[in-house]
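Tertiary structure, described
Below are the chains, spelled out letter by letter.
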Amino acid sequence: MLEIKQLSVKVRDREILHGVNLNIKAGETHVLFGPNGSGKTTLLMTIMGLPKYRVTKGSIKFKGKDIVGLPIDERARLGIGASLQRPPAVRGVKTREILTACSREQMGRESIGRMAEKANLTDLMDREINYGFSGGEIKRSELLQLMAQGPDLALLDEPESGVDLVSIALIGQLINELLEKEHPIRNRRRAGLIITHTGHILDYVNARTGYVLFDGRIICEGDPREILETIKSKGYEECRKCAR
Amino acid sequence: MRKIESSKSSEDKARAALSKPSPLGEDIDLNNYIRSADELPYQDDPLQLPVETKKQMIQAGIILDNSNQRSGTIIQMDHSIIHSLSKQEGIEVMGTNQALEKYDWLSNYLWKAVAVDSDKYTAHVELNQSNGYFIRALPGSKTLYPVQACLYLARSNLAQNVHNIIIAEEGSELHIITGCTTAPREEPGLHLGVSEFYIKRGAKISFTMIHNWTPEIAVRPRTGIIVEEGGVFLSNYVIMKPVHSLQMYPLARCVGDNATVRFNSILVAPPGSTMDLGSQVFLNARGARTEIISRAITTGGNIVARGYIEGNAPEVKGHLECRGLVLREEGTIHAIPELKGTLSNIDLSHEAAIGKIAEEEVEYLMMRGLARDEATAAIVRGFLRVDIEGLPPQLSLELQRAVKASEEDFM
Ligand SMILES: Nc1ncnc2c1ncn2[C@@H]1O[C@H](COP(=O)(O)OP(=O)(O)O)[C@@H](O)[C@H]1O
Ligand SMILES: [Mg+2]
């Protein structure tokens, strides 16, 4: 579903990603680890198509189509969705309005209401989006928007950071629903890329492949739990060795 | 044209102020405008007015064909009251001249909320007054539907000089929607409007005013509001159509304990429009409160958005919020929020912010599948949305509809 080859990306005049390769098939969930500043958010924003992140080399294919150069909204309509680490508040625009606007199948008020209930966000439906939301509310509202959007590929940027343990369980549930984890593996169509700095989310969401991004390069690929164990016991410092 | 019996002293003061310029706004040469207009016939049924006239009125929030949603209607065209009707007992609606003839006591209400010698415009209205409207709620009366008042400038080059008096007697509630508009052609005209509001103990007025001018019109409203104990004044002002030059700075005085004043303004300045607008509130009694909120957008015109709150009594509270959006760089917005406190136990605050549409917000909505122009429209719509407390739902809805209709014009 997503094929990234030799991708290099510049922000302003600085190259942040250097030749990244990544492949995600339909139905698969992958996890991207990496220390702060390694370029995880940059990779996600580049896949989503934010103009600030300039592709200088390589390619991004989605459903077999080269999407480099497509505007953000076209990528969204092709089926890519992202939950942001720090989404902006949009004053005067209510959560409910965004949900209605982004829902692919023109969901009615009722089904949006039911989803909001699941995400424990009923009270935020008539508030201005992200304005004065707590950390956990932001994460859940991002996931709720994705659930309305129903993307084939969900890019999740640190969906659990700054969230307490009880809420992580709920966030895990929402992600599992978003990625059709309740379906048998062979029936799953949706793919996911979850960025995590801490790895906590792996207690709730199963993933097939893990990567470590370090200084803009993927330096390791393998079983996500194994990678997480190594990071937990030895820290990202250990990765520096592989980076050489 | 009948003339108000005004006291000698008002006339004298006015004469002395005839060439006194306003400290704000471009000086307008009153000699460029004609003063007299034909007496226009009374319309028993304003639905018979020409289609284009009614269309202008609708855009200013005045509805004629479903007027069972109004507790009363008054229409002044040029200098003539061409229709006036109250449909609810306890609510009085008539031309100011007629009201002054009917009530001797009414002359005591002239020039008490606005000083006659404020500037040459108030002086001009005193000396050349051409009617205006009188709306009053008797003690305890509450309007079921808003009363609508329309000031219509038909004759080109005319100076319209109206004097409006609005009184909410004790414990009453009065909702008014005022539409000011002109014939739909680009010809000069001048609208001078003095409005004096008196809100007695425990009474409430909501005043929703929509300005629907054309690009050659100059407008100088002069408004004063006096709010007694526990009274509430709620103003909603909308201007989204071009105007040549508009300057107003209504002043509300809270003279009774716990009086409350709220001003909400939505201003859109297209190319060629010059607007200098704001609201002033004096909190002169214990526990008085105010909130002044404005949203200004320029698509090429120039806006000065002012606000002034003065706290002169204990336990008063005031907040001023002024936000501006520059959609095209030819336009400017100049926000001037001012606070003045003369005591220690008061709470006055303000926030002002001017900017362009944040690209980050547009991109965020695009990630959700909205096209760039849809995302921009959603952000602008959100910016203009001011949730108005205390406005009857129907009026709130109509206001939203008016804003929405104009949005399509400038986006
Ligand atoms: N908008 C930006 N402007 C300037 N530098 C940026 C911007 N976004 C990211 N960077 C830089 O790119 C590098 C990678 O950042 P980021 O992708 O946010 O890392 P991560 O998400 O892994 O913490 C950092 O050095 C960061 O400072
Ligand atoms: Mg990041």
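Residues numbered from 1 in each chain as written. Chains lettered and ligands numbered in written order. Predicted model: local features only at pLDDT ≥ 70, side-chain atom pairs only at ≥ 80, totals over all residues. Heavy atoms only, no water.

1. Overview of the domain arrangement of chain A
Residue and element names in this part refer to chain A. Quick reminder of the rule: The split of the chain into domains comes from an automatic or database domain assignment. Contact criterion: two residues are considered in contact whenever any of their non-hydrogen atoms come within 4.5 Å of each other. A simple way to read buried area is as the amount of 1.4 Å-probe accessible surface that goes missing from two parts once joined, with both sides added. Definition used for salt bridges: Asp or Glu carboxyl oxygen within 4 Å of a side-chain nitrogen of Lys or Arg. N or O atoms within 3.5 Å of each other form a polar contact, as long as, within protein, one can give a hydrogen and the other can take it, and as long as residues adjacent in sequence are counted only when both atoms are side-chain atoms. Only Asp, Glu, Lys and Arg are considered charged, only Ala, Val, Leu, Ile, Met, Phe, Trp, Tyr, Cys and Pro nonpolar, and every remaining residue, Gly among them, polar.
The domain boundaries assigned to chain A delineate domain 1 (1–23 + 47–70) and domain 2 (210–244). A straight line from the C-alpha centre of domain 1 to that of domain 2 covers 22 Å. On the side of domain 2, six residues touch domain 1, which itself brings seven residues to the contact. Across the domain 1/domain 2 interface, buried area totals approximately 480 Å², and carbon plus sulfur atoms make up 61% of it. Sorting the residues of domain 1 by area buried against domain 2 places His18, Val20 and Leu22 first, and these three jointly supply 67% of that buried surface. Our count for the contact surface shared by domain 1 and domain 2 stands at zero salt bridges. For the interface between domain 1 and domain 2, the tally reads two residue pairs in polar contact (both at pLDDT 80 or more). Residues of the side of domain 1 that touches domain 2, tallied by class, amount to four nonpolar, three polar and no charged.

2. Observations concerning the interface of chain A and chain B
Often, the extent of an interface is quoted as the loss of accessible area upon association of its parts. Here is the rule: Secondary structure follows DSSP: runs of H or I at least 4 residues long count as helices, runs of E at least 2 residues long count as strands, and numbering of each begins at the N terminus.
Contacts between the two partners involve 29 residues from chain A and, on the opposite side, 19 residues from chain B. Counting the contacts that link chain A with chain B gives two salt bridges. Among the salt bridges present, the one from Arg368 of chain B reaches Glu142 of chain A, with a minimum N-O distance of 2.8 Å. For the side of chain A that touches chain B, the secondary-structure elements that each account for two or more residues are helix H1 (40–48), helix H2 (72–78), helix H3 (95–102) and helix H5 (135–149) of chain A. For the side of chain A that touches chain B, a count of residues per class yields 18 nonpolar, four polar and seven charged.

3. With respect to the coordination of the magnesium ion (ligand 2)
Residues and elements named next belong to chain A. Applicable threshold: A donor here means any N, O or S atom no more than 2.8 Å from the metal (3.2 Å for Na, K and Ca); water is not included, so a site may seem to lack partners. Accessible area is worked out with a 1.4 Å probe on protein chains only. A residue is then buried under 20% of its type maximum, exposed over 50%, and partly exposed in between.
The protein atoms donating to the magnesium ion (ligand 2) are Thr41 (OG1) and Gln85 (OE1), with metal-donor distances spanning 2.0 to 2.3 Å. Residue Thr41 is found in helix H1, and its partner Gln85 is found in the loop between strand E6 (80–83) and H3; the two are separated by 44 residues along the sequence. Assessed through its relative accessible area of 23%, Thr41 is described here as partly exposed. When its relative accessible area of 19% is taken as the criterion, Gln85 is described as buried.

4. Looking at the site of ligand 1
Residues and elements named next belong to chain A. Quick reminder of the rule: Nearness is judged by heavy atoms alone; a residue qualifies as near a molecule or strand once a single heavy atom is within 4 Å of it. We get accessible surface area from the Shrake-Rupley algorithm with a probe of 1.4 Å; when it comes to residues, only the shown protein chains can shield them.
If you check the shell around ligand 1, you find 14 residues, and the closest are Arg14, Gly37, Lys40, Thr41 and Thr42. Here an oxygen atom of ligand 1 and a backbone polar atom of Ser38 are 3.3 Å apart. Within the backbone of Gly39, an N or O atom sits 3.1 Å from an oxygen atom of ligand 1. When ligand 1 sits alone it has 550 Å² of accessible area, and the protein chains cover 71% of it. Only strand E2 (14–24) and H1 provide two or more residues apiece to the shell around ligand 1.

5. Remarks on the packing of aromatic side chains
For any pair of aromatic rings, geometry is given as the distance between the ring centres together with the angle between the planes. Residue and element names in this part refer to chain B. Just so we agree on the cut-off: Note on ring pairs: Phe, Tyr and Trp rings are taken, using the six-membered ring of Trp, and paired if centres are within 6.5 Å. Classes follow the plane angle, with under 30 degrees stacked, over 60 edge-to-face and the rest tilted. Only when the NZ atom of a Lys or the CZ atom of an Arg is both within 6 Å of the ring centre and within 35 degrees of the ring normal do we say a charge sits over the ring.
Throughout the structure, instances matching the rule amount to eight aromatic pairs over all chains. Plain terms: the ring middles of Tyr103 and Phe134 are 6.2 Å apart, the flat faces sit at 50° to each other, and that makes the pair tilted. Here Tyr103, found in the loop between helix H3 (96–102) and helix H4 (120–128), pairs with Phe134, found in strand E4 (residues 133–137); they are 31 residues apart in sequence, far enough to count as distant. Ring pairing ties together the aromatic residues Tyr103, Trp105, Tyr109, Phe134 and Tyr198, which thus form one cluster. One Lys or Arg, Arg136, reaches over the ring of Tyr103 and ends 5.4 Å from the middle of that ring. One cation-aromatic arrangement involves Arg295 over Phe383; the distance from NZ or CZ to the ring centre is 5.9 Å.

6. Concerning the domain arrangement of chain B
All names here are of chain B. For chain B, the domain assignment lists domain 1 (8–358) and domain 2 (359–411). A separation of 25 Å is found between the C-alpha centroids of domain 1 and domain 2. At the interface, 31 residues of domain 1 touch 26 residues of domain 2. Three residues, Met240, Ile357 and Ala358, lead the burial of domain 1 against domain 2; their summed loss comes to 24% of the area buried on that side. Between the two partners, domain 1 and domain 2, sit zero salt bridges. The tally of links from domain 1 across to domain 2 stands at five residue pairs in polar contact (both at pLDDT 80 or more). Of all elements in the fold, only strand E7 (173–182), strand E9 (204–212), strand E11 (232–239), strand E14 (260–269), strand E16 (289–298) and strand E18 (317–326) reach the threshold of two or more residues within the side of domain 1 that touches domain 2. Across the side of domain 1 that touches domain 2, the residue classes break down as 16 nonpolar, nine polar and six charged.

7. Remarks on the pattern of salt bridges
Residue and element names in this part refer to chain B. This structure, assessed with the given rule, holds 23 salt bridges over all chains. A salt bridge links Arg15 to Glu11; the nearest nitrogen and oxygen atoms lie 3.1 Å apart. Here the residue Arg15 and the residue Glu11 both occupy positions in helix H1 (residues 8–16), the gap between them amounting to four residues, near one helical turn. When its relative accessible area of 14% is taken as the criterion, Glu11 is described as buried. For Asp12, the salt bridge is made with Arg15, and the minimal N-O distance between the two is 3.9 Å. One end of the pair, Asp12, and the other, Arg15, are both in helix H1, three residues apart, so they sit about a helical turn from each other. With a relative accessible area of 48%, Arg15 lands in the partly exposed category. Each of Glu92, Arg136, Glu169 and Lys200 takes part in one network of salt bridges that share partners.

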